[in-house]
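# Descriptive structure summary
One letter stands for each residue in the lines below.
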Amino acid sequence: MTSSSDWPFAVYDRRRLSVDTVSKEDIENAAHLLRMGKLVAFPTETVYGLGADARNDQAVAAIFEAKGRPRFNPLIVHVADVAAAEREAEFDAVARRLAEAFWPGPLTLVVPRRADSGLSLLVSAGLDTVAVRAPSAPVAQILLDAFGGPIAAPSANRSGRISPTRADHVAAELGDRVSLILDGGPCTAGLESTIVSVAEDHISLLRPGPITPRQLTKVAGLPVRGRAGGGKITAPGQLESHYAPRARLRLNATSPAAGEALLAFGPNAPDHTPSLNISPKGDLVEAAANLFAMLRALDDAGHDSIAVMPVPDEGLGLAINDRLHRAAAPREGEE
Ligand code: TXA
Ligand code: MG
């Protein structure tokens, strides 16, 4: 794990910030920094977030600056629970039902801002909607509690790079641009939240993620429409090259070429060096949790090309393949 000496305040060691050992001072320090308009990186169950006070324009602007992210891309606002979300945004019956079913957890709802919302306009980047979610990771919950307000947080990576699933990823990308990194260990889901908006007769899937269309339909009683048809960019951040490693990715590769690194999946991976297997037993949940960290490890090792074995396009595999396709897409105006 990262040493604590290099950063302005501290990078906490995982053992110190496990659920029962996180000190009150650590969290109070983080909440204090947020109140001062500083940036604090924190773990969620999906990926690490780069957090700022969502009501403070300057703090929110600092997020864009730290990420090198274009202004037009709106941010997710993290809240403690449904009640806190409803203070900032309008929830219809379906949105409320989804929030109550899946929060705290990896579901983000895009809903209309309330006219009297205290949220910075910058978090919506000019839209009259806001993306909100209540994260379930204990450290995120404790931090929201101590801070007592909404925290805007995109994934804690530089724009166009892979989302971080461990504190040392954050330190490597943003170390000197963030006041504090809370280390809660590796993220359990390892894949960004599912993003939806609710329409009259259906749910729009803006970004696939850990909560699947089937789960959404079961709770809401509405069909889910989305990325399958048209390929239109509905979430401004859904540019093809969003999840971009430096290496080129060759998808659906069954036999890696000499000189290529292999990102393997399942028990029938070919014998190859270098190679990392996101799930030797072929388990999609394990694969999702390992995806970004292993992609990053191969990318950081400096290989020009990474061959990626096929991953079944079902369940969580849909979201994994979505990320892989974007990581493989030609570079364009980055998120
Ligand atoms: O799991 C996650 O969602 C992580 C953790 C930190 O919560 N956050 C995350 O945030 O992935 P970010 O900023 O990297 O991705 C948020 C996505 C972007 O594609 C953005 O364009 C979209 O949500 N988004 C935010 N507000 C929106 C809005 N009002 N309408 C449509 N899309 C929105
Ligand atoms: Mg992101």
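The rules behind the values
Counting starts from 1 at the beginning of each chain's written sequence and moves along it residue by residue. Chain letters start at A and ligand numbers start at 1, both assigned in the order the entries are written. For a predicted model such as this one, the threshold for reporting local features is a pLDDT of at least 70, and the threshold for listing and counting side-chain atom pairs is 80 or more; totals across whole chains, interfaces and linings nevertheless cover every residue. As a convention, hydrogens and water are excluded, and side-chain values are obtained from all of the structure's heavy atoms. Put simply, DSSP H or I for four residues or longer makes a helix, DSSP E for two residues or longer makes a strand, and each gets a number counted from the N terminus. Only protein chains enter the accessibility calculation, which uses a 1.4 Å probe; a residue whose area is less than 20% of its type maximum is buried, one above 50% is exposed, and one in between is partly exposed. Only heavy atoms matter for contacts: two residues are in contact if any of them lie within 4.5 Å across the pair. What a helix should span is 1.5 Å times the count of its residues minus one. Pairs of N or O atoms are called polar contacts if they sit within 3.5 Å, as long as, within protein, a hydrogen donor faces a hydrogen acceptor (for residues adjacent in sequence, only side-chain-to-side-chain pairs). When DSSP locates at least two bridges between a pair of strands, those strands are taken to pair. To get an axis, a line is fitted to the C-alpha atoms, and for a helix only the part in contact is used. The angle between two axes follows their N-to-C directions and goes from 0 to 180 degrees. Comment on the angle field: the value is read as roughly parallel under 35 degrees, roughly antiparallel over 145, roughly perpendicular from 65 to 115, and oblique elsewhere. Handedness of a helix crossing follows the sense of rotation of the near helix relative to the far helix, less than a right angle counterclockwise being left-handed and clockwise being right-handed. Among buried residues, the Ala, Val, Leu, Ile, Met, Phe, Trp, Tyr and Cys ones that are joined through side-chain atoms within 4.5 Å form a nonpolar core.

What follows deals with the overall build of the chain. Summing up its helical and strand segments, the chain has 9 helices and 15 strands in all. For the chain, buried positions account for 56% of its 335 residues. Considering only contacts within the chain whose residues lie at least 6 apart along the sequence, 66% involve residues at least 24 apart.

This brings us to helix H8 (residues 284-300). Every α-helical turn comprises 3.6 residues, leaving residues that sit three or four positions apart pointing alike. When the terminal C-alpha atoms of H8 are compared, their 24 Å separation across 17 residues agrees well with the 24 Å that a helix rising 1.5 Å per residue should span. Among all positions of H8, only Leu 284, Ala 287, Ala 288, Leu 291, Phe 292, Ala 293, Met 294, Leu 295, Arg 296, Leu 298 and Asp 299 are buried. Where H8 is buried, its residues touch helix H6 (167-174), strand S12 (248-250), strand S13 (261-264), strand S14 (275-277), strand S15 (305-308) and helix H9 (316-328). The N-cap residue of H8 is Asp 283: its side-chain oxygen and the backbone nitrogen of Glu 286 are 2.8 Å apart. Phi turns positive, to about 90°, at Gly 302, one or two residues after H8.

Here we have 4 strands laid out as an open sheet, ordered S12-S15-S13-S14, and parallel in their pairing. Every interior strand has two partners, whereas the edge strands, S12 and S14, have only one. When strand polarity is set aside, the average angle formed by the axes of neighbouring strands in this sheet is 20°. Where S13 meets S15, 3 bridges bridge the pair, whose relative direction is parallel. Along S15, the bridge assignment pairs Ala 261 with Ile 306. Most of the contacts of H8 go to S13, to which it runs at about 175°, and overall it touches S12, S13, S14 and S15.

This part takes up unusual backbone geometry. With omega at -10°, the peptide bond leading from Trp 103 into Pro 104 counts as cis. Note on placement: Pro 104 falls in the loop between helix H4 (93-102) and strand S5 (107-112). At the junction of Thr 273 and Pro 274, the peptide bond is cis and its omega measures out at -5° in the coordinates. Mapped onto the elements, Pro 274 comes out in the loop between S13 and S14.

Bringing the packing of H8 against H9 into the picture now. Two numbers describe how H8 lies on H9: the axes approach to 9 Å, and their chain directions differ by 20°. Of the possible angle classes, the one that applies to H8 and H9 is roughly parallel. The chirality of how H8 crosses H9 is left-handed. Of the residues in H9, those touching H8 at Leu 284, Val 285, Ala 287, Ala 288, Leu 291, Phe 292 and Leu 295 are Leu 316, Gly 317, Ile 320, Arg 323, Leu 324 and Ala 327.

Here we take up the nonpolar core. In terms of nonpolar packing, the biggest core is built from 49 residues, with Phe 91, Leu 98, Trp 103, Leu 107 and Leu 109 touching the most fellow members. Those residues in contact with Trp 103 that lie beyond four places of it in its chain are Val 79, Asp 81, Val 82, Ala 85, Phe 91, Leu 98, Leu 109, Val 132, Arg 133 and Ala 134. In this structure, Val 47, Ala 261, Val 308 and Leu 316 belong to the second largest nonpolar core, which totals 25 residues.

Turning our eyes to something else, we now look at the environment of Phe 64. Tracing the sequence through the fold places Phe 64 in helix H2 (residues 57-67). C-alpha separation for the pair Phe 64 and Pro 154, spaced 90 residues apart in sequence, amounts to 9.2 Å.

This part takes up the side chain of His 169. In this fold, His 169 is placed in helix H6. Sequence-distant contacts of His 169, defined by excluding residues within four places in its chain, comprise Pro 164, Ala 293 and Arg 296.

Nothing here speaks to function; it is geometry throughout.
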